Amino acid sequence: MVAYTRTGLSIIDGTDEAASTESNSKYNVANYDYTNTSSMLSSTYTNMYKAIEYANVCIKNLPEMNVSDGEKKKVDALLGEALAIRAYAYWNIVRFYGDVPYTNIPTVDLTTFSSSRVSRDTIYDHCIEDLKRAIELLPWKSEGMVATPERFTKNSAYGILARVALYAAGYSLRWDLNTVPYNQSTLKIAQRSDAARIKELYQIAADACKAVITKGENRLLDNYDQIFRDLGNQQYNDETMFEYGWYSTNGQDVRTGYTNGIPTSGTDNEGLGKGGSQMIAMPTFYFEFEENDQRRDVSVCNYGLKLSTGNNAYQMNTFAGMGVGKYRINWKKVRGSSDSKRDFNWPILRYSDVLLMYAEAMNEMNQCSQEVLDATINKLRERAYNGTGLEYPRVTEGSQQQLRTVIRTERFIEMAWEGHRYSDLIRWKIAGKVLNRPIYFLNRAWSGNTSWDGDESSVSAEYKQLIQNWKDGNYPIGGIPQIDEDGIADLSEMAKKGYITVATERKFDESRDYLWPIPAADRLINDNLSQNPKW
């Protein structure tokens, strides 16, 4: 059901969170170098439509079941789940592919099998209505009918409703659907044209988040790292509201904790096995965090593992080789099903996301008061500074644009590596600015030594200066970069000064890459399905 496969890893690679160290199709997708025959992209399209078909069958037939009054509530809950799954699947298709075929009845009942495109706005509105129906039917978590966050409850349906509403109100690549092939002159990145509906959508998102907050069944865990330790050990908690369960040798080999894990070398045949990290944290991402923000050293792992049976050891990483920290194999109690199938559950929805969405929706309606900030972003920052003995940097009221920058930056660092950044950049209309620029690496800390012991006498003179910059409280990349109104840093001057190196020139075409191509195989069997622009 979840649109997080190896394609999902490449989405993370393809943002300002991480970079791919591979030289294969995942690297190509991460750098927007692919075609309409790329199987990595078509799998999301195919799998989501499979989920929709299963949901449609359930939605049609569950109400026809003849059950006792005592069983009616269980059947209603199943119907609610089916409605929520259908909405979630269509949301995934629309955010990646735009206007697509839409059906809300089983295939066996269709009279035609060659549907043309349906407006994304229409589909989003259907998703919202499905989720509203689902909320009426689903139980709250506290009712005890659903034992696991791997299934929908009223809590998680409210959260997904807020997410869909924000996307429906956001920006996307649009054109006149009445012209086939598309008319270049009508191509634009825009919100839907109905301003009143956009305002309604922000209100829907705010109300949905408020319902979860007011209910009080979900909460932030005291320690940020515990969220991800629990995900790796199949332990449920009050913060992760909806997660995708991976725990099977027969499950899909998505490689969470392997491809997007911490750097390793060697093999531990008796315990941790071997790692295969092929994704590194963007070196500059480390410096998005305040120095004492506890989320930094959870999200970005500044050490690696030197694995050897009975003799595992830590090793220091360069800034150019820091790993994704949230899915660490050494946080697991057992290896998992295999080296690549580490059995990490995936966080689809966390309570912190609900708080961030509430702040965003209220700000877009110009209603983000100090009370809202204290109930949302400041709660996250308070948790981020837990145990430091320091006061957290409290956000206070400001202009709508000032708070928009704060909210978006907070979302960037709180939700890193969880598959949201790419689509957030799209719906905020800043993907071109963020993604159409070089991938920078920090220069190596030393030459030819991959296990530095911290002895500063062994590093180059240039790196000693970087260390001193750090000690002086400055960016160890040659100064403090200019930050624009979207919270995006301009690092070009640091590259000119030689503090950072251009690893690769990433090219993101706004008139094409806001959407993925409709899979070529699907167009071959559907003459009415046109291709997305420039594909």
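These remarks concern the structure in this document. (Residues numbered from 1 in each chain as written. Predicted model: local features only at pLDDT ≥ 70, side-chain atom pairs only at ≥ 80, totals over all residues. Heavy atoms only, no water.)

Things to note about the packing of aromatic side chains
To describe a pair of aromatic rings, one takes the distance between the centres and the angle between the planes.
Logical step 1: Tallied over the full model, the rule gives 22 aromatic pairs.
Logical step 2: Centroid distance Phe96 to Trp516: 4.1 Å. Interplanar angle 5°. Geometry classified as stacked. One end of the pair, Phe96, is in helix 4 (residues 69–97); the other, Trp516, is in the loop between helix 18 (510–513) and helix 19 (520–524), and 420 residues separate them in sequence.
Logical step 3: Under the relative-accessibility criterion, Phe96 is labelled buried at 2%.
Logical step 4: You can call Trp516 buried: its relative accessible area is 2%.
Logical step 5: Taking 6.3 Å as the distance between ring centres and 85° as the angle between the ring planes, the aromatic pair formed by Phe228 and Tyr327 counts as edge-to-face. With Phe228 in helix 8 (residues 224–232) and Tyr327 in the loop between strand 10 (323–324) and strand 11 (346–350), this residue pair connects regions lying 99 residues apart in the sequence.
Logical step 6: Taking the relative accessible area as the measure of exposure, Tyr327 reaches 0% and is therefore buried.
Logical step 7: What links up through ring pairs into an aromatic cluster is the set Tyr45, Tyr49, Tyr90, Phe96, Tyr97, Tyr102, Tyr422 and Trp516.
Logical step 8: One cation-aromatic arrangement involves Lys332 over Phe344; the distance from NZ or CZ to the ring centre is 5.2 Å. (Phe/Tyr/Trp six-rings, centres within 6.5 Å; stacked < 30°, edge-to-face > 60°. Helix = DSSP H or I, 4+ residues; strand = E, 2+ residues; numbered from the N terminus. Buried < 20%, exposed > 50% of the residue type's maximum accessible area, 1.4 Å probe, protein only. Lys NZ or Arg CZ within 6 Å of the ring centre and 35° of its normal.)

A short note on empty space enclosed by the protein
To find leftover empty space, a probe the size of one water molecule is rolled over the atoms.
Logical step 1: Tallied over the entire structure, the rule returns 8 cavities of 30 Å³ or more.
Logical step 2: In this structure, the largest cavity spans a volume of roughly 220 Å³.
Logical step 3: If you trace the largest cavity, you find 19 residues lining it, with Asp16, Met282, Thr284, Arg437 and Leu491 closest to the centre.
Logical step 4: Classifying every residue of the lining of the largest cavity by side-chain character gives 12 nonpolar, 2 polar and 5 charged. (1 Å grid on protein atoms, 1.4 Å probe; cavity = no way out; pocket = protein on both sides within 12 Å on 5 of 7 lines; lining within 4 Å. Points joined across faces, edges and corners; volume = space filled by probe spheres on them. Nonpolar A, V, L, I, M, F, W, Y, C, P; charged D, E, K, R; others polar.)

Considering the side chain of Gln370
Logical step 1: Within the secondary structure, Gln370 sits in helix 11 (residues 370–375).
Logical step 2: Those residues in contact with Gln370 that lie beyond four places of it in its chain are Asn378, Arg394, Val395, Thr396 and Glu397. (Contact = heavy atoms within 4.5 Å.)

With respect to the pattern of salt bridges
Logical step 1: Tallied over the entire structure, the rule returns 43 salt bridges.
Logical step 2: A salt bridge links Asp16 to Arg421; the nearest nitrogen and oxygen atoms lie 2.9 Å apart. With Asp16 in the loop between helix 1 (6–13) and strand 1 (18–20) and Arg421 in helix 14 (residues 421–427), this pair connects stretches of sequence that are 405 residues apart. A single burial state applies to Asp16 and to Arg421, both of which are buried.
Logical step 3: In this structure, Glu143 engages Lys73 in a salt bridge whose closest nitrogen and oxygen atoms are separated by 2.8 Å. With Glu143 in the loop between helix 5 (120–137) and helix 6 (154–169) and Lys73 in helix 4, the pair connects residues that are 70 residues apart, well separated along the chain.
Logical step 4: For Lys73, a relative accessible area of 46% corresponds to the partly exposed category.
Logical step 5: Linked by salt bridges that have partners in common, Glu239, Asp293, Arg295, Lys326, Arg350, Arg381, Arg383, Glu410, Glu414 and Glu418 make up one network. (Salt bridge = Lys/Arg side-chain N within 4 Å of Asp/Glu carboxyl O.)

A few points about the pairing of strand 9 (residues 313–316)
Logical step 1: Inspection of the sheet shows strand 8 (residues 303–308) paired to strand 9 by 4 bridges, in the antiparallel sense. Across the sheet, Leu305 pairs through a bridge with Tyr314, a residue of strand 9. (Pairing = 2+ DSSP bridges.)

Describing the sheet that holds strand 9
Logical step 1: If you walk across this open sheet you meet the 3 strands as 5-8-9, and the pairing is mixed. Across the chains shown, the open sheet's two edge strands, defined by having one partner strand only, are strand 5 (264–267) and strand 9. When the angles between neighbouring strand axes are averaged without regard to direction, this sheet yields 25°.
Logical step 2: Here strand 5 pairs with strand 8 via 4 bridges, running parallel. Bridged to Ser265 within strand 8 is Lys306. (Axes fitted to C-alpha atoms, helices over the stretch in contact; angles between N-to-C directions.)

Notes on the state of the cysteines
Logical step 1: Tallying each qualifying case throughout the model produces 0 disulfides.
Logical step 2: The thiol sulfur of Cys58 is not disulfide-bonded, and the nearest other cysteine sulfur, from Cys127, lies at 17 Å.
Logical step 3: Overall, the relative accessible area of 35% leaves Cys58 in the partly exposed class.
Logical step 4: Unpaired in terms of disulfides, Cys368 finds its nearest cysteine sulfur in Cys209, a separation of 12 Å. (Disulfide = S-S within 2.5 Å.)

Regarding the layout of surface pockets
Logical step 1: Taken as a whole, the second largest pocket holds about 520 Å³ of empty space.
Logical step 2: Lining the second largest pocket are 18 residues, with Tyr49, Pro101, Thr103, Leu110 and Phe113 positioned closest to its centre.
Logical step 3: Ranked by the residues each element gives to the lining of the second largest pocket, the list is headed by helix 3 (residues 39–61), at 5 residues.
Logical step 4: Of the residues in the lining of the second largest pocket, the class split is 9 nonpolar, 7 polar and 2 charged.

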